[in-house]
Amino acid sequence: MTGAVRIPLNDYGVLGEPPAPGEWTPTRTVSVVIPAYRAERTLPLTLAGLARQTYPAHLMEVVVVDDGDRPMAPLPDSPAGPLPERLRVVRPRGGAWGRASACAAGAEAAQGEVILYLDADLVLFPEHVEAQMRWHHLADYLVVLGHLRFVPGLDEVPASEVLAAVEAGAVHKLYADEDATPQWTERRWDQTDDLRVAGFNAFSVMVGATASLPARLLRAAGGLDASLVLGEDTELGYRLAQAGAVFVPDRHSRCWHLGRSTVMRRETDVKRHNWPHLAERVPSFRWLRRHPHRSYLVPYVDVVVEVGDASFEEIRATVDAVLAGRLPDVRVTVVGPWGRLGGGRRDPLGDPSLDLRLVLACYQGEPRVRFREAVPDDCFPVPFRFHCPPGWVPSRGTIGSVVKHADRQRLGIVSLALDERKDGRVVSARLERTAAMSRARRCAGPGDDLDDLVHEMYGTVWDAGSTWGFLPAALAAATVPPMPGRAWTGAPREAGAPREAGASRGVTAPRAAGTPRMPASLRSVPKSLRSVPKSLRSLPKSLRSPLARSVPNPLRRTARLLRRRLRALVRPA
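Residues numbered from 1 in each chain as written. Predicted model: local features only at pLDDT ≥ 70, side-chain atom pairs only at ≥ 80, totals over all residues. Heavy atoms only, no water.

Chemist: Run through the overall build of the protein, naming residues and quoting values.
Modeler: From N to C terminus, the protein includes 19 helices and 18 strands. When the 573 residues of the protein are sorted by exposure, 48% land in the buried category. Sequence separation of 24 or more characterises 75% of the internal contacts of the protein that already satisfy a separation of 6 or more. When the accessible surface of the protein is totalled, it reaches about 29,100 Å², and 52% of it is carbon and sulfur. (Helix = DSSP H or I, 4+ residues; strand = E, 2+ residues; numbered from the N terminus. Buried < 20%, exposed > 50% of the residue type's maximum accessible area, 1.4 Å probe, protein only. Contact = heavy atoms within 4.5 Å. Areas by Shrake-Rupley, 256 points an atom, 1.4 Å probe, with all protein chains shown as cover.)

Chemist: So what's going on with the packing of helix α13 (residues 434-443) against helix α14 (residues 450-457)? Which residues, and what values?
Modeler: Between α13 and α14, the shortest axis-to-axis distance is 9 Å and the interhelical angle comes to 110°. In terms of their interaxial angle, α13 and α14 are classed as roughly perpendicular. Read as a crossing pair, α13 and α14 show a hand that is right-handed. Taken together, the residues of α14 that come into contact with α13 (itself represented by Ala436, Met437, Arg439, Ala440, Arg441 and Cys443) are Leu450, Leu453, Val454 and Met457. In the contact of α13 with α14, the residues fall into eight nonpolar, no polar and two charged. (Axes fitted to C-alpha atoms, helices over the stretch in contact; angles between N-to-C directions. Parallel < 35°, antiparallel > 145°, perpendicular 65-115°, else oblique. Left-handed = near helix turned anticlockwise from the far one by under 90°. Nonpolar A, V, L, I, M, F, W, Y, C, P; charged D, E, K, R; others polar.)

Chemist: Would you mind going over the nonpolar core in detail, with residue names and values included?
Modeler: The biggest cluster of nonpolar side chains holds 42 residues, and the ones touching the most others in it are Ile115, Tyr117, Val143, Leu145, Met206, Leu240 and Phe247. Grouped together as the second largest cluster of nonpolar side chains are 38 residues, Val301, Val307, Leu327 and Ala429 included. (Core = buried A, V, L, I, M, F, W, Y, C linked by side-chain atoms within 4.5 Å.)

Chemist: A description of the side chain of Ser212 should follow, citing residues and the corresponding values.
Modeler: Checked against the element boundaries, Ser212 lands in strand β8 (residues 210-214). For Ser212, a relative accessible area of 1% puts it in the buried group. A distance of 2.6 Å separates polar atoms of two side chains, one belonging to Ser212 and the other to Gln132. Here His136 takes part through its side chain, which lies 2.8 Å from a polar atom of the side chain of Ser212. Contact partners of Ser212, with chain neighbours within four places excluded, come to Val114, Ile115, Leu116, Gln132, His136, Leu142, Val143 and Val144. (Polar contact = N/O pair within 3.5 Å; in protein donor to acceptor, adjacent residues only side chain to side chain.)

Chemist: Can you lay out a negative patch on the surface for me, pointing to particular residues and giving the numbers?
Modeler: On the surface, Glu156, Asp177, Glu178 and Asp179 cluster together into a negatively charged patch. With respect to the secondary-structure elements, Asp179 resides in the loop between α4 (159-167) and β7 (181-182). (Patch = residues over 30% accessible without salt bridge, like charges linked within 9 Å, V, L, I, M, F, W, Y side chains within 5 Å. Salt bridge = Lys/Arg side-chain N within 4 Å of Asp/Glu carboxyl O. Lys, Arg positive; Asp, Glu negative; His and termini not counted. Charge placed at Lys NZ, Arg CZ, Asp CG, Glu CD.)

Chemist: Can you explain the pattern of salt bridges? Please cite residues and give values.
Modeler: Counted under the stated rule, the structure contains 32 salt bridges. With a closest N to O distance of 3.6 Å, Asp155 and Arg41 form a salt bridge. Of the two residues, Asp155 sits in the loop between β6 (142-151) and α4 while Arg41 sits in the loop between β1 (30-36) and α1 (43-51), which places them 114 residues apart along the sequence. For the pair formed by Asp155 and Arg41, the shared burial category is exposed. Residues Arg239 and Glu235 are paired through a salt bridge, measuring 2.7 Å at the closest nitrogen-oxygen approach.

Chemist: Please provide a residue-by-residue account of the packing of helix α10 (residues 312-323) against helix α11 (residues 354-362), values included.
Modeler: Close contact between α10 and α11 brings their axes to 9 Å; oriented N to C, the two are set at 30°. Classified by the angle between their axes, α10 and α11 sit roughly parallel to one another. In this structure, α10 meets α11 at a crossing whose hand is right-handed. Contacts between α10 and α11 pair Phe312, Glu313, Ile315 and Arg316 from the former with Asp355, Leu358, Val359 and Cys362 from the latter. Residue composition of the contact of α10 with α11, by class: five nonpolar, no polar and three charged.

Chemist: Any chance you could break down helix α12 (residues 398-409) for me, citing the residues and the numbers?
Modeler: Between the first and last C-alpha of α12 there are 16 Å, a value that for twelve residues agrees with the 16 Å anticipated at 1.5 Å per step. Those residues of α12 that sit buried are Thr398, Ile399, Gly400, Val402, Val403 and Ala406. Tucked into the core, α12 has its buried residues touching β10 (301-306), α10, β13 (384-387), β15 (413-420) and β16 (426-433). Two residues or fewer past α12, Arg410 is found with a positive phi of approximately 55°. (Expected span 1.5 Å × (residues − 1).)

Here's what the structure looks like:
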């Protein structure tokens, strides 16, 4: 595989239709990994289904990971049912337990080019493995999801009846469609044209009951997080997305799931358990990160500030502005020659490396700031990296607004022009989407430019930094940065200087050339709503407070935000 197939976003339709089962010649090897815990009744049925697969037996091995407290009994060939030709049973390393640890142990023991994870309570249709493997012959960064339905357990349908259907090739006749319950992911498939238009959120339907992916992709994403006992498949899906993966559901890769899942039986308890863990590790789940001032294991944006020849004051202005932004889960990576700072005797005030030492001293107690000698190749698994030159100050909402713009427009790179030097060099800030850069590296051939590949598969755009609230540090020190989306068009007023004509309180100055007009939708708001009426301002506090408390909190908050927005729009240039 060359890895040169270029898939935009999650639209794998560019690959065309895969070959129909039985009408092609497979060549890739696959390791089926089955984590087994208290699965003595159902595991033989899953293995029997694997023994009857249409995928060539010499290309498929089965690795059962015995996750029980005690080693399981040897797997007999009869009367429990047939076994796959190449079958191994392994145990996790001492002290490890749980599905994630078992899956990691199975992947470590696996020898196939593709890893197919299966639960130990599935009854497989004969083409289950082949249907998924078709896709892995078309591109080498796909995650293929099988199609399962939940059916009654062995208490209602005897194991002997299930085994007979497997051996007779009549698995499809075991249960009627009206007796089977679709998995929750199937509704998402229906809503997104089988994930083709799911965009950046395709990973959220990653369920490990039946899913396959290239072993190299799994290793590149770091494997499963063994510290998680539940929700490990969703977290792995997020990291696979950051590694550039495309998620493909295959409705031909069918199977029955015996009995209801844990989520179906205890959905509230599962969410209560999983959400705190996922909030720490999956920044894309913004609804799990509502706290306005805290940080997490995996930040949302990694802001890179390269020191260069900038002064301590310029670097501090940039880093402080980032840390003071409205986006709390950011990390700042300050890049400079820190290794040259020795500890010997020196002139404290005449030290040529004084600025570097001051930067280190300024942030040695800030956990969101780290120091590196060179810009890392990537910021995986952080979803965004924002390059910000020192000496330029973003407003509080700049970084969050640029990220939202990239999400809404489905962009891979957003570049902001800040200044043009006399030598023609353009000073710019740049937002990079980790998933886009990772996929570009996977698809790049000799001589390919990564930015061109990102533009082809995701899209890139250039814009003026001033429209997003950027100001030079010297100017920002004397001026409140504008809101993102509105360019700063004037010079700061000196302290104590008189206001310009027409700029007195209550009088709007003429609109400067280039200043955005107030949108018509806001110009139509009555003036009575643009400010607090004098009748209310003159009320005693004893009357105003009960009045304010009588208004519902959401309405007060909406009114406050509207007043701030209106004031910003009508502020004189």
